[in-house]
Amino acid sequence: MVAEGWSRRGFLAAGAASGLLLAGCGAGRDRPRLRAAIVGKGETDMRLLFKAAGIARQDFDIHYSEFQSGHLVVEALNGGSLDYGGMSEIPPIFAAASTIQSFRQIAVLHGDVNNQAVLVPKGSKARSIADLRGKRVGYVRATTSQYFLIRMLEEAGLGWGDITPVAMGVADGAAAFSQGALDAWAIYGFPIQRAIATEGARILRTAYGILSGNYLVCAHADALADAEMSQIIRQYLALVQQAYGWAVANEAEWAGIVARDIGVPRDYVVDQFRRKSDSYELRPVTDAAIASQQQVADLFLAQKLLPKPVDVRPLWDARFNDSIPKRG
């Protein structure tokens, strides 16, 4: 976990062991604090992007907590340890099927889906998803990787029972893939570039044409009920949009920063950016976004992965629609 206060272009970023960092604060001064989630490294790490873009804030502090996947963010939101977090369309669906939903989906972060893929190791003879019949395939449960793997198998005429699915967290999946314990790995984000760069992995298929590109921005119900916290969230959404605008305008510089952060040669990130399906931007809550998530929920129900039908509409809250500026 990392807690950060902002001063102009003096954005402080540190590792989990660095403890509490407050910049621009007088001793004993009590400032409002937003507890926000970070999922993964590289281009999904807002600490890195804010620092690169020179974005600063004096009005409130941010306490960042790091997570490996979106379903852990949902658990933290439901547990009351987060005010703000992001994930794919999928983890909230499982929360909606349970008795606890302490959050609302307040915006859409629309972005790349080519950074979600099925990888095969160097030397694999697999040339299509159909070639995975009978193979051990790793994935992260209740995330986009499970969803797009199901869809890819269906399109290839295969079912879940035609492979040996292995549910693993991101770190365990990376280790298993590296050690040759998996024949394929359905995964997202920077592990793709790392596996390609360091192990000669190959993309069998990306999630383009399957995933909507919608990643959900969520806030805890208590934060939404608090006037001061709601205003902080409004400000933070504007800063996030500004940061993504910088990334688009400064893609070459951003690629180098991301490469250093995830520990791969810059050319691999440049190639990822070249192949991306879309650049990241915040979008308001719309009927289309709600319908997209409902379609995902219906598939998980059909696969008997949900205990009951789920209506996702009550999860959404459009109160911040007028607070999301166009991407710069």
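Going by the structure above, here's the rest.
Residues numbered from 1 in each chain as written. Predicted model: local features only at pLDDT ≥ 70, side-chain atom pairs only at ≥ 80, totals over all residues. Heavy atoms only, no water.

Student: How should I be thinking about the overall build of the protein chain in this particular structure?
Tutor: Scanning the protein chain from N- to C-terminus turns up 11 helices and 12 strands. The globule rule puts the C-alpha radius of gyration for 328 residues at 20 Å, and the 20 Å found for the protein chain is close to it. Burial status across the protein chain gives 53% buried among its 328 residues. Considering only intrachain contacts with a sequence separation of at least 6, the fraction spanning at least 24 residues in the protein chain is 79%. (Helix = DSSP H or I, 4+ residues; strand = E, 2+ residues; numbered from the N terminus. Rg over C-alpha atoms; globule rule 2.2 N^0.38 Å. Buried < 20%, exposed > 50% of the residue type's maximum accessible area, 1.4 Å probe, protein only. Contact = heavy atoms within 4.5 Å.)

Student: Is there a simple way to explain empty space enclosed by the protein in this structure?
Tutor: Here the idea is plain: a probe the size of a water molecule rolls over the atoms and shows the empty space left. Applying the stated criterion across every chain, the model contains two cavities of 30 Å³ or more. Lining the largest cavity, in full, are Glu43, Tyr244, Ala247, Val248, Glu251, Trp254, Phe273, Lys276, Ser279 and Tyr280. Elements with a contribution of two residues or more to the lining of the largest cavity: α8 (227-249) and α9 (251-262). Per-element accounting of the lining of the largest cavity gives the leading share, three residues, to α8. Looking at the second largest cavity, its volume works out to about 50 Å³. In this structure, the second largest cavity is lined by Ser88, Glu89, Ile90, Val113, Thr144, Tyr147, Leu211, Ser212, Gly213, Asn214, Tyr215 and Val296. Taken together, the elements giving at least two residues each to the lining of the second largest cavity come down to α4 (144-155) and β11 (214-220). A breakdown of the residues in the lining of the second largest cavity according to their chemical character gives six nonpolar, five polar and one charged. (1 Å grid on protein atoms, 1.4 Å probe; cavity = no way out; pocket = protein on both sides within 12 Å on 5 of 7 lines; lining within 4 Å. Points joined across faces, edges and corners; volume = space filled by probe spheres on them. Nonpolar A, V, L, I, M, F, W, Y, C, P; charged D, E, K, R; others polar.)

Student: Would you explain the sheet that holds strand β9 (residues 184-188) in this entry?
Tutor: Spatially, the five strands line up as an open sheet ordered β8-β7-β9-β6-β10, and their pairing is mixed. Two strands in the sheet have a free side with no partner beyond their single neighbour: β8 (164-167) and β10 (202-206). Neighbour-to-neighbour, the strand axes of this sheet turn through a mean angle of 25°, independent of strand direction. By the bridge criterion, four bridges tie strand β6 (residues 116-120) to β10 in an arrangement that is antiparallel. In the sheet register, Ala117 faces β10, and the bridge partner there is Thr206. Where α4 meets the sheet, its contacts fall on β6, β7 (136-139), β9 and β10, and the angle it forms with β9 comes to roughly 130°. Contacts from helix α6 (residues 190-199) reach β6, β9 and β10 within the one sheet, and its direction differs from that of β9 by about 135°. (Pairing = 2+ DSSP bridges. Axes fitted to C-alpha atoms, helices over the stretch in contact; angles between N-to-C directions.)

Student: For this particular structure, what's the right way to read the side chain of Asp83?
Tutor: With respect to the element layout, Asp83 can be found in the loop between α2 (70-78) and β4 (84-88). Owing to a relative accessible area of 8%, Asp83 belongs among the buried residues under this scheme. Within polar-contact distance, the side chain of Asp83 engages the backbone nitrogen of Arg35 at 2.8 Å. Once residues lying within four places of it in the same chain are set aside, the contact partners of Asp83 are Arg33, Leu34, Arg35, Leu77, Cys218, Ala219, His220, Ala223 and Met229. (Polar contact = N/O pair within 3.5 Å; in protein donor to acceptor, adjacent residues only side chain to side chain.)

Student: Help me understand the environment of Arg35 in this model?
Tutor: The topology assignment puts Arg35 in strand β2 (residues 33-39). Between the C-alpha atom of Arg35 and that of Phe94, which follows or precedes it by 59 residues, the distance is 23 Å. Not counting residues within four places of it along the chain, the set of residues in contact with Arg35 comprises His63, Gly80, Ser81, Leu82, Asp83 and Tyr84. Engagement of the side chain of Arg35 in a polar contact is seen with the backbone oxygen of Gly80, the distance being 2.9 Å.

Student: What am I meant to see in unusual backbone geometry here?
Tutor: Trans peptide bonds make up most of the peptide bonds, and negative phi angles are found at most residues other than glycine. Residues other than glycine seldom take positive phi values, yet Ala142 does so here, at roughly 60°. Here Ala142 is to be found in the loop between β7 and α4. For Lys304, which is not glycine, the phi dihedral falls at a positive 60°.

Student: I keep staring at the packing of α8 against α9 and nothing clicks. Help me out?
Tutor: Two quantities define a packed helix pair, namely the angle between the helix axes and the distance between the axes. Following both chains from N to C, one finds α8 and α9 inclined at 105°, their axes separated by 5 Å at the closest point. The orientation of α8 with respect to α9, classified from their angle, is roughly perpendicular. Counted together, Trp246, Ala247, Val248 and Ala249 of α8 and Glu251, Glu253, Trp254 and Ile257 of α9 form the full contact between these two elements. Here the residues of the contact of α8 with α9 sort into six nonpolar, no polar and two charged. (Parallel < 35°, antiparallel > 145°, perpendicular 65-115°, else oblique.)

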